[in-house]
Amino acid sequence: EAQVTQNPRYLITVTGKKLTVTCSQNMNHEYMSWYRQDPGLGLRQIYYSMNVEVTDKGDVPEGYKVSRKEKRNFPLILESPSPNQTSLYFCASSALTRDDRYYGYTFGSGTRLTVV
Amino acid sequence: QKEVEQNSGPLSVPEGAIASLNCTYSDRGSQSFFWYRQYSGKSPELIMFIYSNGDKEDGRFTAQLNKASQYVSLLIRDSQPSDSATYLCAVTPGIGQFYFGTGTSLTVIP
């Protein structure tokens, strides 16, 4: 089954304790991205990756890191989480057309993070 | 000014009616446009994408794009209670960045 797998689904952590949210896709998609979703603010892009070793900032990158060492994996790292990073996080991937347009995202199931 | 604006709703339509969802965007260089549906507590799922001006139909769904007016819409014909969800509009200028609207909540009343 074609899918984007995120782990964990739920996470409660304390301020300052480093954490990693994993994301893996089995569709051989070049493009992957991380979003956070907050009430009233919608989905906001954190980071994206056009391919292996190619990453770039989205709209809200502060406090986050990513890496893309393999095509299928795109982990999100919070090195020192703070309460304002409490949110619902989604990983997503997309194939590209021959002229570099997007077919549209497949989203993971989401990770609900609470930082206390 | 937000990159993508949607009426938050809620929008209510009776079963069998046409639901019309609207979205405007600010970046004239935007190239690709998407509609997603998100059920409560679930992740967004792609309904349609559209690249060119005009209409694109897929079953009960029609996306309409007007680049001159910077406007994209989604029509849902013969609305069903199972269509009750939040609909998200997304736009990309094509260089990796995506912008989502805050979504329109649709309720289809049986």
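Above this text sits the structure in question.
All of the points below concern the structure found in this document. (Residues numbered from 1 in each chain as written. Chains lettered and ligands numbered in written order. Predicted model: local features only at pLDDT ≥ 70, side-chain atom pairs only at ≥ 80, totals over all residues. Heavy atoms only, no water.)

1. Overview of the layout of surface pockets
No. 1: Reported here for the largest pocket is a volume of approximately 450 Å³.
No. 2: In this model, the second largest pocket occupies a volume close to 210 Å³.
No. 3: As for the second largest pocket, its lining consists of 13 residues, and the residues nearest its centre are Leu-41, Arg-44 and Asp-59 of chain A together with Glu-3 and Phe-100 of chain B.
No. 4: If you list the elements that add at least two residues to the lining of the second largest pocket, you get strand S5 (42–51) of chain A together with strand S10 (99–100) of chain B. (1 Å grid on protein atoms, 1.4 Å probe; cavity = no way out; pocket = protein on both sides within 12 Å on 5 of 7 lines; lining within 4 Å. Points joined across faces, edges and corners; volume = space filled by probe spheres on them. Helix = DSSP H or I, 4+ residues; strand = E, 2+ residues; numbered from the N terminus.)

2. So, the sheet that holds strand S1 (residues 4–6) of chain B
Residues and elements named next belong to chain B.
No. 1: With antiparallel pairing, the five strands of this open sheet are ordered in space as S1-S3-S8-S7-S6. With partners counted over all chains shown, the strands left at the sheet margins are S1 and strand S6 (54–58), one partner each. Geometrically, the sheet is characterised by an average inter-axis angle of 20° between neighbouring strands, direction not taken into account.
No. 2: Pairing geometry for S1 and strand S3 (residues 19–25), over three bridges, is antiparallel. Paired with Glu-5 across the two strands is Thr-24, which belongs to S3. (Pairing = 2+ DSSP bridges. Axes fitted to C-alpha atoms, helices over the stretch in contact; angles between N-to-C directions.)

3. As for the pairing of strand S6 (residues 54–57) of chain A
Residues and elements named next belong to chain A.
No. 1: Sheet topology places S5 next to S6; four bridges connect them, and they run antiparallel. Paired with Ser-49 across the bridge in S6 is Thr-55.
No. 2: What sits between S5 and S6 in their antiparallel hairpin is a turn of two residues, with Glu-53 showing a positive phi close to 65°.

4. Thoughts on the environment of Pro-81 of chain B
Residue and element names in this part refer to chain B.
No. 1: Summarising the element assignment, Pro-81 is placed in the loop between strand S8 (71–76) and strand S9 (85–92).
No. 2: Between the alpha carbons of Pro-81 and Leu-106 there is a distance of 9.6 Å; along the sequence they are 25 residues apart.
No. 3: Contact partners of Pro-81, with chain neighbours within four places excluded, come to Glu-15, Val-108 and Pro-110. (Contact = heavy atoms within 4.5 Å.)

5. Quick notes on unusual backbone geometry
No. 1: Residue Pro-8 of chain A follows Asn-7 of chain A across a cis peptide bond; omega there is 0°.
No. 2: The backbone of Asn-28 of chain A shows a phi angle near 60°, a positive value even though the residue is not glycine.
No. 3: With respect to the element layout, Asn-28 of chain A can be found in the loop between strand S3 (19–25) and strand S4 (31–38).
No. 4: Its relative accessible area of 52% is what places Asn-28 of chain A among the exposed residues.
No. 5: Positioned with a positive phi, Gln-70 of chain B is a non-glycine residue whose angle comes to about 55°.
No. 6: Its location among the elements puts Gln-70 of chain B in the loop between strand S7 (61–66) and S8. (Buried < 20%, exposed > 50% of the residue type's maximum accessible area, 1.4 Å probe, protein only.)

6. Observations concerning the nonpolar core
No. 1: Ranked by size, the top nonpolar core spans 24 residues in total, and within it Trp-35, Val-72, Leu-74, Ile-76 and Tyr-87 of chain B carry the most contacts.
No. 2: For this core, the secondary-structure elements that each account for two or more residues are S3, strand S4 (32–38), strand S5 (45–50), S7, S8, S9 and strand S11 (104–109) of chain B.
No. 3: Counting residues in each nonpolar core, the second largest holds 19 residues, with Val-4, Leu-19, Leu-76 and Tyr-89 of chain A among its members. (Core = buried A, V, L, I, M, F, W, Y, C linked by side-chain atoms within 4.5 Å.)

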